[in-house]
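Analysis of the macromolecular model
Each chain, letter by letter, is given below.
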Amino acid sequence: MDDWTRCVISSEASRDGFASLGVPVYRASTIPFPNAQSYQKRHERGDEGYSYGLSGTPTSRTLAHKITALQQGHRTFLVPSGQAAITVAILSFVQAGDRILIADTVYPPLRDFAEKDLRTLGIDVAFYDPTAPDELERMMDRRTRMIWAESPGSTTMEVQDMRRLAEIAHRHGALLGCDNTWATPLLFKPLQHGADIVVEALTKYFSGHSDVLMGSITVRDQAMASTVKGKLSRLGIGVSPDDCSLVLRGMETMAVRLHYCAETTRRLLPAIADQPSVDRILYPPLPGNPGHEFWKRDFNGASGVFGIIFTPAATPHVFAALDALKIFAIGASWGGTRSLVAPMPVKANRTAQPWPGEDLVLRVSIGVEALSDLQEDLDRFFAALDTFCETASPAPAGA
Ligand SMILES: *Cc1c(COP(=O)(O)O)cnc(C)c1O
C-alpha cells in the first residue's frame with residue numbers, strides 16, 4: 001500500500017477490553033456499506049438503519065433515544081436550535097390553507113415566524129389567550145390543523161390546561177404541539193397529558209452550560225415520525241455529533257441542576273417578594289400565578305426561571321440598577337450553570353390579551369452558584385434600585 005493511501009485508510013486500534021461511560025463521538029457524512037447489495041437495499045432497514053450522517057450517527061441517536069424515553073414518546077428528532085424545533089414541528093404538519101392557533105405567550109421568535117413566514121406561506125395564523133380555553137374553543141374551525149402551546153409561557157409564566165387543550169384539538173381533528181423548555185420532561189411530560197408533539201430547547205437545561213445550541217422534536221406515533229423525518233431530510237437539517245456529545249454530558253447532571261436551581265429559587269423568593277420595589281413575582285409554584293392550579297395538578301416541580309414585575313415607580317430605574325450585579329450575568333437564554341437576568345419587554349408580544357402592566361419583566365434564571373453569593377448580589381441590585389428611586393424626584397411622569 002502506498003503512503004498516500006495509508007494516510008486515507010485507517011486500520012483501527014483494537015477495542016477489545018475497552019469501555020467508557022461516556023458516549024463516543026461518531027462523526028460521519030458517508031457511512032460505508034459492507035457490499036453493494038446492502039447499499040442497494042439500505043432503505044429496507046427502517047428508521048434505525050444508518051445511511052448518511054445527516055440523519056444521525058450513534059452519538060445523535062443515543063441522545064434522541066434518551067429524550068424519547070424521558071418524554072415517553074415514539075421518536076425524537078434533533079435540530080440545530082430550539083427555534084428550529086418549533087418551526088420544523090409546525091412546517092411538518094401545517095400547510096397552505098390550514099389555520100394554526102398559537103398561544104399569545106409563546107417564545108417571541110415564534111410569533112415573528114408565524115406573522116412573517118407562516119402567513120406568507122398561506123397559513124392562517126391567530127393568537128389565543130393561554131388562560132382562556134373557552135375562547136380558544138370558539139376560534140377553532142374546520143381549517144384548524146394545529147394548536148401550539150407553551151407552558152408556562154415565555155416571560156409571563158402562564159401555565160396552560162394541557163388536558164383541556166388536547167381535548168379541544170382532538171375533537172376538531174387538530175394536533176396539539178407544546179414547547180416544554182421551562183419544565184423539561186423531568187417536571188412535565190406533555191405527551192402524557194394529550195399533546196401530540198413536544199419540543200425542547202436543549203440549549204437550556206438539557207445542555208446546561210450555555211455553550212451549545214440544539215432543539216428536539218418528539219412525536220407520539222410512527223406516522224408523525226415519518227412526516228417529520230421526511231421534512232428534515234428534504235430541508236437538509238441535522239446536528240453535529242460533537243454538539244450532541246455536549247448535550248449528552250450536560251444531560252447527565254440535569255436532574256441535579258434542576259433540583260438545586262429550584263431549591264435555591266425557593267429560598268431566594270421570600271426576600272425578593274418583600275422588596276418595596278417589587279410588585280409581583282411570576283413563577284408557577286406561587287399561588288396566584290396564572291394557571292397555578294394546572295402546575296399543581298400536572299407538574300413534578302419547578303425549574304429556576306421566574307419573572308419580577310416592579311412597581312411603577314421603580315420600573316424606570318431597573319436598567320440602571322442591573323449594573324450593580326456582580327454574580328448574575330446579563331444576557332439572553334437561560335438554564336445554564338451561571339445565574340442570569342434579562343429585562344424583557346412584553347407589550348409588543350401580546351395581541352390576544354393586551355399586557356396591562358409595566359412593559360418590563362425582569363426574567364431571572366437561577367444557576368448553581370452558592371445561595372449566599374446570589375443573595376448578596378440581589379441585595380446589591382435592590383439597594384441600587386432603592387437609591388435610584390429615592391434620588392429621582394419627582395417620580396417620572398406616568399410611570
Ligand atoms: C430559548 C427558547 C427557545 C429557543 O431555543 P434556541 O435554542 O435558543 O433557539 C424556544 N422556546 C423557549 C421557551 C425558549 O426559552
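Bear in mind the structure is a predicted one, so any value in this text is a computation, not a measurement.

Rules of the game
- Residues numbered from 1 in each chain as written.
- Predicted model: local features only at pLDDT ≥ 70, side-chain atom pairs only at ≥ 80, totals over all residues.
- Heavy atoms only, no water.
- Domains from an automatic or database assignment.
- Contact = heavy atoms within 4.5 Å.
- Salt bridge = Lys/Arg side-chain N within 4 Å of Asp/Glu carboxyl O.
- Polar contact = N/O pair within 3.5 Å; in protein donor to acceptor, adjacent residues only side chain to side chain.
- Helix = DSSP H or I, 4+ residues; strand = E, 2+ residues; numbered from the N terminus.
- Nonpolar A, V, L, I, M, F, W, Y, C, P; charged D, E, K, R; others polar.
- Patch = residues over 30% accessible without salt bridge, like charges linked within 9 Å, V, L, I, M, F, W, Y side chains within 5 Å.
- Areas by Shrake-Rupley, 256 points an atom, 1.4 Å probe, with all protein chains shown as cover.
- Buried < 20%, exposed > 50% of the residue type's maximum accessible area, 1.4 Å probe, protein only.

Let's shift gears to the domain arrangement of the chain. Domain assignment breaks the chain into domain 1 (26–251) and domain 2 (254–391). Using C-alpha coordinates to define each centre, domain 1 is positioned 28 Å away from domain 2. At the interface, 39 residues of domain 1 touch 37 residues of domain 2. Across the domain 1-domain 2 interface, the total number found is two salt bridges. Linking Arg297 and Asp161 is a salt bridge whose minimum nitrogen-to-oxygen distance equals 2.8 Å. One can count 22 residue pairs in polar contact (both at pLDDT 80 or more) joining domain 1 with domain 2. Those elements that place two or more of their residues in the side of domain 1 that touches domain 2 are helix 5 (108–120), strand 3 (124–128), helix 7 (162–171), helix 8 (184–187) and helix 10 (241–252). Here the side of domain 1 that touches domain 2 gets three residues from one element, more than from any other, and that element is helix 8. A per-class count over the side of domain 1 that touches domain 2 returns 16 nonpolar, 16 polar and seven charged.

Turning our attention to a nonpolar patch on the surface. On the surface, Met1, Val8 and Ile9 cluster together into a nonpolar patch covering about 360 Å² of accessible area. One can find Met1 in the segment before helix 1 (3–8). The exposure class of Met1 is exposed, given its relative accessible area of 65%.

What follows is about the pattern of salt bridges. Under the counting rule described, the total for this entry stands at 22 salt bridges. With its nearest N and O atoms 3.7 Å apart, the salt bridge here joins Arg99 to Asp141. Here Arg99, found in strand 2 (residues 99–103), pairs with Asp141, found in the loop between helix 6 (133–139) and strand 4 (144–150); they are 42 residues apart in sequence, far enough to count as distant. Arg99 gets classed as buried once you look at its relative accessible area, which sits at 13%. When the shortest N-O distance is used, the salt bridge between Arg171 and Glu137 registers 3.0 Å. Taken together, the residues Arg171 in helix 7 and Glu137 in helix 6 connect sequence positions 34 residues apart. Three or more residues are tied together by salt bridges with common partners; here these are Asp134, Glu137, Arg164, Glu167 and Arg171.

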